[in-house]
Amino acid sequence: MKLFQIKNSFVLTIFGASGDLAKLKLFPALYSLAEQKRFPKDFYIIGYSRSPLTRKEFQNDFEKSIKKAHPKADLKIIKKLTDALYYFQGQYNHKPDFEKLRDFIKEISGKNSLTNMAYFSVPPQVFKDIIQNLGETKRSKTEDLRLIIEKPFGEDTQSAKELFHFVARYFEEENVYLLDHYLGKTGVQSILSLRHSNRILNTMMKGPEVSNIQITASESIGVTSRVGYFDQVGTLKDMVQSHLFQILALIAMSIPITDKSESLKREKYNILSALKFNESNKNITLGQYESYKNEKEVPKNSKTETFAALRLFIDRESWYKTPIYVRTGKKLAEKKTCVVIELKKFAFQSKDEEPNRLIFELQPEERINIQLVNKNGLSSEYKSITTSESIACNGDDCLPEHSNLLLDVMRKNRLHFLSFQEIIASWEITDSIIKFAKKSKTKIELYKDGSEGPKSQHKLTEMDGFKWFDLK
């Protein structure tokens, strides 16, 4: 199979190139693309940061990051990348620096125009400075300049709306790629492709056939180096508002009949804008792992939640009264992300019989499981039968999530990126939950490191006669 290769020359400017995101994710992602020979003959990568680095120092940092992520990295490929690697020191709020950047790009490329991509690997506080300066230093209104902005997109509904209107002052929507790295994962992308191509799945996943949906994303590690950011936001904003609501939208939406990104975004928005949280402490569990306050830089009186579980509904006729259970947390027993769709049983079935289930495992493995029930011979005992198939990428074209999404930007494929409408809808439901939790003083329950999380999470499912399903 011939892999898709970028034909046109491009320049990728990484703002915040001396930061952790660039070193941990972007540099290794670029190596994976180069390893598959995805790049054109001429391309240029510029690290833009406030740090005083020489080009050689930046190239060394780049090489170290790649070798750490890819211990068996090909030195010839690294050399090809570092030859195309440059460094530019500048401020984010200083327009003359962006004018100098323009001249620098022309100087190293010798071209007046080429595909120009800007990756925002910076804190959200400087988004507007970079957007404004890039917008005001464009060579023309039709210049091919693509912004790649990674979450978080605002910190609440109001700030997300402000960011949307601010971006719109300088750039058309088609030039803005709002990136949630979860949407670059093969397993997550498989939800869409499996539903789009298999009628049997969509028949099973229709609201009238489903008794409940469960989405679990658990992490075995704590907040690690993200303490400064995480303690300000908590897991509701960090995980639920973005990653988990996006997965839910892909599961519950109607399948668009075209593969255009606008159609997909519209269907996801229809779900996200219809999400409903019934204001009661019976529908929410918040927790914090016991050693959290011992983490460096965490305030001793911190009330930041590291675990959240919610009972939600979708306010649409097709999903009427179908409960949606969402939970996520840190420092839990194991790392896993999965979606469990439990189907309704026949009225004549025994309460003891297990229901049919459709399970999407997203990590650590990527699999789809279908659970059926059978009775063997003369036995009165029913047994569960599980049909399982890997949905992991296993071909020569497999890429990590950031590589997948960078390649999509280069191809002008917007399918796996967000719209501001989706983001704002997600913030509206998240804000309502946070506002209720503060008003009602929802208890933050301590849970042991390495446990399943707060015990009260089970009240959410039990009130409907269900229980959390855990993969064995």
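Look up: the structure comes first, before these words.
Residues numbered from 1 in each chain as written. Predicted model: local features only at pLDDT ≥ 70, side-chain atom pairs only at ≥ 80, totals over all residues. Heavy atoms only, no water.

Novice: What exactly am I supposed to notice about the pattern of salt bridges here?
Specialist: When their charged atoms lie close together, side chains carrying opposite charge are able to pair. As enumerated under the stated definition, the model contains 20 salt bridges in all. A salt bridge links Glu 354 to Arg 357, with the nearest nitrogen and oxygen atoms 2.8 Å apart. Taking relative accessible area as the criterion, Glu 354 reaches 33% and is therefore assigned partly exposed. Of the charged contacts in the structure, one is a salt bridge between Arg 411 and Asp 408, with a shortest N-O distance of 3.8 Å. (Salt bridge = Lys/Arg side-chain N within 4 Å of Asp/Glu carboxyl O. Buried < 20%, exposed > 50% of the residue type's maximum accessible area, 1.4 Å probe, protein only.)

Novice: When you look at the sheet that holds strand 2 (residues 43-49) in this model, what are you seeing that I'm missing?
Specialist: Strand pairing within a sheet occurs via backbone hydrogen bonds; the two strands may be parallel or antiparallel. Spatial ordering of the open sheet is given by 3-2-1-4-5-6, a layout of six strands whose pairing is parallel. The open sheet has two edge strands with one neighbour each: strand 3 (85-89) and strand 6 (176-179). Along the sheet, successive strands turn relative to each other by an average axial angle of 20 degrees, direction set aside. Relative to the sheet, helix 11 (residues 401-411) contacts strand 1 (10-15), strand 4 (115-120), strand 5 (145-150) and strand 6, its axis offset from that of strand 5 by approximately 155 degrees. (Pairing = 2+ DSSP bridges. Helix = DSSP H or I, 4+ residues; strand = E, 2+ residues; numbered from the N terminus. Axes fitted to C-alpha atoms, helices over the stretch in contact; angles between N-to-C directions. Contact = heavy atoms within 4.5 Å.)

Novice: Sorry, what's going on with the environment of Tyr 182 here?
Specialist: Among the structural elements, Tyr 182 can be located in the loop between strand 6 and helix 7 (186-197). Given a relative accessible area of 7%, Tyr 182 falls into the buried group. Along the chain, Tyr 182 and Leu 244 lie 62 residues apart, while their C-alpha atoms are 9.0 Å from each other. When near neighbours in sequence (up to four residues on either side) are disregarded, Tyr 182 contacts Val 188, Met 239, His 243, Ile 247, Thr 337 and Gln 363.

Novice: Even after reading the chapter, I still don't get the side chain of Glu 353, so can you show me in this structure?
Specialist: In this fold, Glu 353 is placed in the loop between strand 12 (336-343) and strand 13 (357-363). The buried charged residue Glu 353 lacks any salt bridge partner; its closest oppositely charged side chain belongs to Lys 345, at an N-O distance of 6.3 Å. Here the side chain of Glu 353 touches Gln 349 through a polar contact of 2.7 Å, side chain to side chain. For Glu 353, the residues in contact, after removing those within four places along its chain, are Lys 345, Val 373 and Tyr 382. (Lys, Arg positive; Asp, Glu negative; His and termini not counted. Polar contact = N/O pair within 3.5 Å; in protein donor to acceptor, adjacent residues only side chain to side chain.)

Novice: Whenever I open this one, the nonpolar core confuses me. Can you help?
Specialist: The nonpolar side chains of a soluble globular protein tend to be buried, and buried together. Residues Phe 15, Phe 120, Ile 131, Leu 134, Ile 341 and Phe 360 are the most contacted members of the largest nonpolar core, which totals 94 residues. Considering every element that reaches this core, the biggest residue donor is helix 9 (residues 227-252), with 11 residues. (Core = buried A, V, L, I, M, F, W, Y, C linked by side-chain atoms within 4.5 Å.)

Novice: Before we go on, may I ask you to explain the state of the cysteines in this structure?
Specialist: Defined simply, a disulfide is a covalent bond joining two cysteines at their sulfur atoms. One pass over the structure, following the stated rule, counts one disulfide. Disulfide partner of Cys 393: Cys 398, at an S-S distance of 2.0 Å. Across the S-S bond of Cys 393 and Cys 398 the torsion is about -95 degrees, and the bridge reads as left-handed. Residue Cys 393 is classed as partly exposed on the basis of its relative accessible area of 33%. (Disulfide = S-S within 2.5 Å.)

Novice: Is there a simple way to explain the packing of helix 5 (residues 127-136) against helix 6 (residues 157-170) in this structure?
Specialist: The relative placement of two packed helices is expressed as an angle between their axes plus a distance between the axes. The contact between helix 5 and helix 6 brings their axes to 9 Å, and the two run at 15 degrees. As judged from the angle between their axes, helix 5 and helix 6 are roughly parallel. Between helix 5 and helix 6 the crossing geometry is left-handed. Mapping the contact onto sequence places Phe 127, Lys 128, Ile 131, Gln 132, Gly 135 and Glu 136 in helix 5 and Glu 162, Leu 163, Phe 166, Val 167 and Tyr 170 in helix 6. Grouping the amino acids of the contact of helix 5 with helix 6 by side-chain chemistry returns six nonpolar, two polar and three charged. (Parallel < 35°, antiparallel > 145°, perpendicular 65-115°, else oblique. Left-handed = near helix turned anticlockwise from the far one by under 90°. Nonpolar A, V, L, I, M, F, W, Y, C, P; charged D, E, K, R; others polar.)

Novice: Help me out: how do you make sense of the pairing of strand 14 (residues 367-375) in this one?
Specialist: A regular strand places its side chains on the two faces of the sheet in alternate fashion. Relative to strand 14, strand 13 runs antiparallel, the two being bridged by five bridges. By the bridge assignment, Arg 357 is partnered in strand 14 with Gln 371. Where strand 13 folds back onto strand 14 in an antiparallel hairpin, the turn is made up of three residues. Of the pairings in the sheet, the one linking strand 14 to strand 15 (residues 382-390) comprises nine bridges and is antiparallel in character. Within strand 15, the residue paired with Arg 367 across the bridge is Ser 390.

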